[in-house]
Amino acid sequence: MTSSTPNTATLFADLGLPQPLLQSLSELGYEKPSPIQAASIPILLEGRDLLGQAQTGTGKTAAFALPMLTNLDPKKKYPQLLVLAPTRELAIQVAEAFQRYSRNMGFSVLPIYGGQSYTNQLKQLKRGAQIIVGTPGRVMDHINRGTLVLKELEALVLDEADEMLRMGFIDDVEWILKHTPESRQIALFSATMPKEIKKVANTYLNNPEHVKIETKTTTASTIRQRYSLVNNNQKLHAFARVLEVVDFDAVIVFVRTKLATVDVAEKLSARGYRCQALNGDIPQNQREQVIDKMKRGKLDILVATDVAARGLDIERISHVVNFDIPLDTESYIHRIGRTGRAGRQGEAILFVTPRERRLLNAIERATNSPMETMEIPSANDINKKRASDFKQLIGETIDKVDLERFSQLVSEFMQEGDSAPETIAAALAYIAQSNKPLFEAETEFKPEKREFDRSDRNERSRGRSNSRDGNRDSRDNNRDRGKRKKGPHKAEDMRTYRIQVGRNDGIKPGNIVGAIANEADLDSKNIGHIKINDDHSTVDLPKAMPKAMIKKLQKAYVCGKPMGLTEPN
């Protein structure tokens, strides 16, 4: 494996890309390549394997899409390139990027992922798509069915390989790699390089060039980061006050659970905001509609979990709000990377409870910058803003509305009584705002001092061990998820299902979690206890699971083998 330094090219035209691609890039407003693009494109154009390491939001998709499109032939009506992505959202995003870049070249791009109807996928595969972008589970399924044939595949891309490892798909990825020609070109991109990813690279890549883009900090300098210390039960009210005062275009709000996405979205909607939840329970077609509405300005706030928001790239996003602080620093970096892209200014806001201050410290170390403290707007701040908006509304109404009949009514009222004009106007303003009080009472947002003191004492006693604690939290969380020994599941709400693969097939709990979560679009937190036997396994799943979801799992594969999910008697 050899290392490569970034190319010094300042324009895409300097990289040897064909005219149709340069035309598309010009139409899209691309001016110059990012460091990962400048370093990777020449290597991939030469047909060499590549191991690319760069953070999310640095332009990795164009780094592999542009050279791969250059080397493919639109006249050949069979799969020439396969891109594997960890989530359906990222698969859709990458497929859309390929379609934008190849608009002047005549390629057919097909995204395939779990939760989507097979019918359309099968039709397009029969027609002959040259570029396939898919999630591991659905790609394996099509290979096993014989509907996706890779014997003439020329290139393969593993996008966000570390995320596929985290989600338990790495065995599936290796299974797919074994079903591709040895002569194919491989590009592997990953934000981090754990040993399991290095092992895949050493096994399947042929003397790859290693391109690593070093960054001085792990978050964009265009993102202003602020935090506020509040009690857990004050978060919603505090956030509502922030929304009233800040100027925002579009906002993504991150919470930890699917239930929280619905709860927070409903409460924000009740306050008059155009807001929707985005979580794993929402059908795929509805998810795509929600994202499209956000892009078109028909929706202003998305409340999402990490997994549901993976791969989202919406230019309008001006603010990322961590309603619930993430349990690991990498998740925080991924979250706020949704704003402040391509040189645009963005803002990240984090709500922290007193007991979570060690997580805040770990994030500050990971981002290599202390965060600004954000004071929650006071009732006085809110009331000034509302009064200003109300006065502006009065002025606009005077300028734009015919008020003759209303003026006559007020004149009659004044003649019949002795009220001053200001009093009458004040009464009318009160009536206009009677459904929603114009002025708000003060609320104390400072966390309880007792909690602060305890948190500070713990902080001092830990000293420099905070970063280890933060990492341990993340590891413990991942380990619990894999073993599935404990969880918030009540026995009466779960049913035990049998799977016809086991220890003899090399199955691990993470493989089962990944296959079920990806194919059925089921949040991994709803997957209960898993027991691995020699020739079969069992898994606890919610009793309330729809029959359609069960049927999907009965047809699904895990580690390249039919899951064979059997309902309990």
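Residues numbered from 1 in each chain as written. Predicted model: local features only at pLDDT ≥ 70, side-chain atom pairs only at ≥ 80, totals over all residues. Heavy atoms only, no water.

Participant: Talk me through the environment of Leu17; I want residue IDs and the actual numbers.
Facilitator: Relative to the helices and strands, Leu17 is located in the loop between strand S1 (2-4) and helix H1 (19-28). Taking the relative accessible area as the measure of exposure, Leu17 reaches 6% and is therefore buried. Remark: the alpha-carbon pair of Leu17 and Leu69, spanning 52 residues in sequence, is separated by 9.4 Å. Once residues within four sequence positions are removed from consideration, Leu17 is found in contact with Phe12, Leu22, Leu25, Ile41, Leu45, Leu66, Pro67 and Thr70. (Helix = DSSP H or I, 4+ residues; strand = E, 2+ residues; numbered from the N terminus. Buried < 20%, exposed > 50% of the residue type's maximum accessible area, 1.4 Å probe, protein only. Contact = heavy atoms within 4.5 Å.)

Participant: Outline the sheet that holds strand S14 (residues 346-352), supporting the account with residue identities and numerical values.
Facilitator: Pairing within the open sheet is parallel, and its 7 strands lie in the order S11-S12-S10-S13-S14-S9-S15. Since the sheet does not close on itself, it has two edges, and those belong to strand S11 (275-278) and strand S15 (372-373), each with one partner. Here 5 bridges tie strand S10 (residues 250-254) to strand S13 (residues 317-322), and the two strands are oriented parallel to one another. Looking at S13, one finds that Val251 is bridged to His319. Across the face of the sheet, helix H12 (residues 284-295) comes into contact with S10, S11 and strand S12 (301-304) while running at roughly 140 degrees to S11. Packing of helix H14 (residues 357-367) onto the sheet brings it into contact with strand S9 (223-229) and S14, and relative to S14 it is tilted by some 150 degrees. (Pairing = 2+ DSSP bridges. Axes fitted to C-alpha atoms, helices over the stretch in contact; angles between N-to-C directions.)

Participant: Residues and numbers for the confidence of the model for the chain, please.
Facilitator: Within the chain, residue pLDDT values average 81, and 85% of them lie at 70 or more. Below pLDDT 50 for its whole length, residues 448-487 participates in 47 contacts with residues either more than four positions away or in separate chains. (pLDDT = per-residue confidence, 0-100.)

Participant: For the pattern of salt bridges, give the residues involved together with the corresponding values.
Facilitator: Applying the stated criterion across every chain, the model contains 19 salt bridges. Of the charged contacts, one joins Asp292 and Arg296 as a salt bridge, the two residues approaching to 2.8 Å between their closest N and O atoms. Of the residues examined, Arg296 reaches a relative accessible area of 49% and is grouped as partly exposed. Salt-bridge contacts for Asp300 lead to Arg316; the nearest nitrogen and oxygen are separated by 3.1 Å. Taken together, the residues span a long stretch of sequence, with Asp300 in the loop between H12 and S12 and Arg316 in the loop between S12 and S13 at a distance of 16 residues. For Asp300, a relative accessible area of 17% corresponds to the buried category. We classify Arg316 as buried; its relative accessible area is 15%. Connected through salt bridges with shared partners, the residues Asp249, Arg274, Asp300 and Arg316 form a single ionic network. (Salt bridge = Lys/Arg side-chain N within 4 Å of Asp/Glu carboxyl O.)

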